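What follows is each chain in one-letter form.
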Amino acid sequence: SFCLSFNSPLVSSSCSSKNKCRTAFIPVSAISYRKFVQFALDETKLHTHLFPSPLQEKYNSMISMDKKVKLEMLSFQAPKIRLLRSLNIESETMQVLDFAAFPETEFDVPIFCANIFTAASSSIVVLDLNPLHDVINQRDYREKYYKSLMHLGTKYAELLPWGGKLTSESLKFFSPIVIWTKSSSTESTYDVLFSAFVDYYKAWLELVHNAAEETIPSRLMVNREAQHRYLSWRAEKDPGHGLLKKLIGETLAKDLVRNFLFNGVDELGSKRFLDYFPEYYCEDGTVNTKRSMAGKSYEHRPWDKRGEFIGDLTKS
Ligand code: BLA
C-alpha cells in the first residue's frame with residue numbers, strides 16, 4: 001500500500017490504515033511541487049521541442065537571506081510558447097509553486113497558471129487556464145476555449161471547493177474552470193491537486209497545439225496587449241511579492257518578479273500599470289499599494305456549470 005511513513009507524530013498515529021493515512025495531515029517538508037514541474041516538462045517534450053530560455057543563465061537558484069529557504073527557477077521556450085517558467089520555493093515549513101506558460105503573442109490561447117502556497121497545514125491554490133480576453137462578456141471567446149473543458153471545471157469544483165472571497169480584481173483574470181481553493185495539506189489533497197494539474201496542463205497543451213496564428217494585424221495587436229495587461233497586473237499585484245521580499249530582499253525580489261516571473265512586462269508593450277488599471281492612481285502619480293481597490297468578493301463560485309458568469313448571486 002502507498003502509506004507514507006514519515007517520522008512525524010502528526011501521521012504515525014493514524015498510519016495503520018491506508019484510508020486514514022490519506023486524510024492525515026502530512027508535514028510540509030514531505031510535500032514537493034517539483035513533481036508537478038517535471039510532469040509538465042516531460043509532457044511538453046512529448047508534443048513539441050523545448051529549448052532552454054536565455055533567462056535560465058541568470059535565474060537558476062537562490063538561497064534566502066536567512067539561508068533556510070531554497071528558490072529554484074527553470075525556464076524554457078518552445079514553438080508557440082514564448083515562455084514556460086517555474087519557481088519552486090522549498091523549506092522545512094513552506095512549499096511554493098509558481099508555474100506559468102505564456103503563449104507567443106500572435107496567439108489568443110489562454111495562459112497556463114498554477115500557483116500553490118503551502119505552509120503549516122494548509123494550502124492556497126490557483127490553478128487555471130487564465131483567459132487572454134474577457135470571458136464574462138465575450139461569449140465567442142469563452143466558448144472557443146472553455147466549452148469543451150467545462151467538465152474539468154465541474155469535476156474539480158467538487159473535489160477542491162471554492163476558497164471563498166478573494167481580491168475582486170483577480171476574477172477578471174480567471175476562467176470559468178478556475179480552481180481557487182484553500183485546503184488542508186493531506187496526502188489526498190496533494191494527489192487531487194496533482195491530478196488536476198495533469199488534466200489542466202494536458203488540456204492547455206492541446207489548445208496550444210490546435211491554435212492557429214493570428215494573421216490580421218489588428219487582432220494580433222489585441223492579443224499582444226492582452227498578454228501585456230496580464231503581465232502588468234501580476235508584476236504589480238501578485239500576492240507572492242510580500243513573501244519574496246522577505247526571503248531575498250526588495251531589490252532581488254523586484255528583479256525576479258519583473259524580469260523572470262512576468263518577463264515581457266517591459267518588452268511587450270509600452271503602457272504602464274496605471275494605463276490599464278487607472279483606479280489604482282494616487283494623487284502624487286504613484287500606484288496605490290493596496291492590492292485591491294474594489295475589496296474582496298465572491299464568497300461562492302461565481303460561474304455556473306455551463307460557464308456562465310453568475311457573480312455573487314448565491315450570497316447567503
Ligand atoms: C494568497 N494568492 C493568494 C490569493 C490569491 C492568490 C487569489 C488570495 C488572496 C487574494 O484574494 O488576493 C493567487 N491571484 C492569485 C493568482 C492570480 C491572482 C495566481 O490574481 C493570477 C491572476 N502565492 C504565490 C507565490 C507566493 C504566494 C509564488 O503564488 C509566495 C512567494 C503566497 N498567496 C501567497 C500568500 C497568500 C496568497 C502568502 C496569503 C496571504 C495574502 O493574501 O496576502
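Nothing here was measured: the structure is a model prediction, and the numbers come from that model.

As for the pattern of salt bridges
So, step 1. Inspection of every chain in the model, using the stated rule, returns 17 salt bridges.
So, step 2. Here Asp98 and Arg85 are joined by a salt bridge, their closest N and O atoms 3.0 Å apart. Separated by 13 residues along the polypeptide, Asp98 in strand E5 (residues 94-103) and Arg85 in strand E4 (residues 81-90) bring together distant segments of the chain.
So, step 3. Assessed through its relative accessible area of 6%, Asp98 is described here as buried.
So, step 4. For the salt bridge of Arg234 with Asp238, the shortest nitrogen-to-oxygen distance reads 2.9 Å. For the residue pair Arg234 and Asp238, the accessibility class agrees, reading buried in each case.

As for the packing of helix H3 (residues 34-47) against helix H6 (residues 187-210)
So, step 1. Viewed as axis vectors pointing N to C, H3 and H6 meet at an angle of 25 degrees, and their least axial separation amounts to 10 Å. It follows that H3 is roughly parallel to H6 by the angle criterion. Considering how the two elements wind past one another, H3 and H6 form a crossing that is right-handed. Listed contacts from H6 to Lys35, Phe36, Phe39, Ala40, Glu43, Thr44 and His47 of H3 are Tyr190, Leu193, Phe194, Phe197, Val198, Tyr201, Lys202 and Leu205.
So, step 2. Across the contact of H3 with H6, the residue classes break down as 10 nonpolar, two polar and three charged.

Description of the confidence of the model for the chain
So, step 1. Residues with a pLDDT of 70 or more make up 92% of the chain, whose mean pLDDT is 91.
So, step 2. Segment residues 1-18: pLDDT under 50, and 21 contacts once partners within four positions in sequence are set aside and those in other chains are kept.
So, step 3. For this predicted complex, the interface confidence reaches an ipTM of 0.97, while the overall pTM sits at 0.92.

Some remarks on the nonpolar core
So, step 1. Core analysis: the biggest nonpolar cluster contains 96 residues, and Phe99, Phe112 and Phe197 have the highest contact counts within it.
So, step 2. Broken down by element, this core gets its largest block of residues, 13 residues, from H6.
So, step 3. Ignoring any residue separated from it by four or fewer positions in sequence, one finds Phe99 in contact with Val37, Ala40, Leu84, Arg85, Ser86, Phe112, Cys113, Ala114, Phe197 and Tyr201.

Digging into helix H5 (residues 150-159)
So, step 1. For H5, every residue scored as buried is listed here: Met150, Leu152, Gly153 and Tyr156. Buried residues of H5, viewed axially, fall in a sector of 150 degrees; they line one side. Turned more than 90 degrees from where H5 packs its buried face, His151 and Glu158 sit exposed.
So, step 2. Tucked inside the fold, the buried residues of H5 contact helix H4 (139-146), strand E9 (179-184) and H6.

Quick notes on the site of the ligand
So, step 1. Taken together, 21 residues are adjacent to the ligand, and Asn115, Thr167, Ser170, Pro239 and Arg291 come closest.
So, step 2. Taking Asn115, its side chain carries an N or O atom lying 2.5 Å from an oxygen atom of the ligand.
So, step 3. Notes on the ligand: free accessible area 850 Å², of which the protein chains cover 86%.
So, step 4. Counting only elements with at least two residues in the shell around the ligand, the list comes to E5, strand E6 (111-119), strand E7 (122-130), strand E8 (166-167) and helix H7 (217-237).
So, step 5. If you tally residues by element for the shell around the ligand, the top one is E6, at three residues.

Calculation criteria
Residues numbered from 1 in each chain as written. Predicted model: local features only at pLDDT ≥ 70, side-chain atom pairs only at ≥ 80, totals over all residues. Heavy atoms only, no water. Salt bridge = Lys/Arg side-chain N within 4 Å of Asp/Glu carboxyl O. Helix = DSSP H or I, 4+ residues; strand = E, 2+ residues; numbered from the N terminus. Buried < 20%, exposed > 50% of the residue type's maximum accessible area, 1.4 Å probe, protein only. Axes fitted to C-alpha atoms, helices over the stretch in contact; angles between N-to-C directions. Parallel < 35°, antiparallel > 145°, perpendicular 65-115°, else oblique. Left-handed = near helix turned anticlockwise from the far one by under 90°. Contact = heavy atoms within 4.5 Å. Nonpolar A, V, L, I, M, F, W, Y, C, P; charged D, E, K, R; others polar. pLDDT = per-residue confidence, 0-100. Core = buried A, V, L, I, M, F, W, Y, C linked by side-chain atoms within 4.5 Å. Arc of directions from axis to C-beta. Near = heavy atom within 4 Å. Polar contact = N/O pair within 3.5 Å; in protein donor to acceptor, adjacent residues only side chain to side chain. Areas by Shrake-Rupley, 256 points an atom, 1.4 Å probe, with all protein chains shown as cover.

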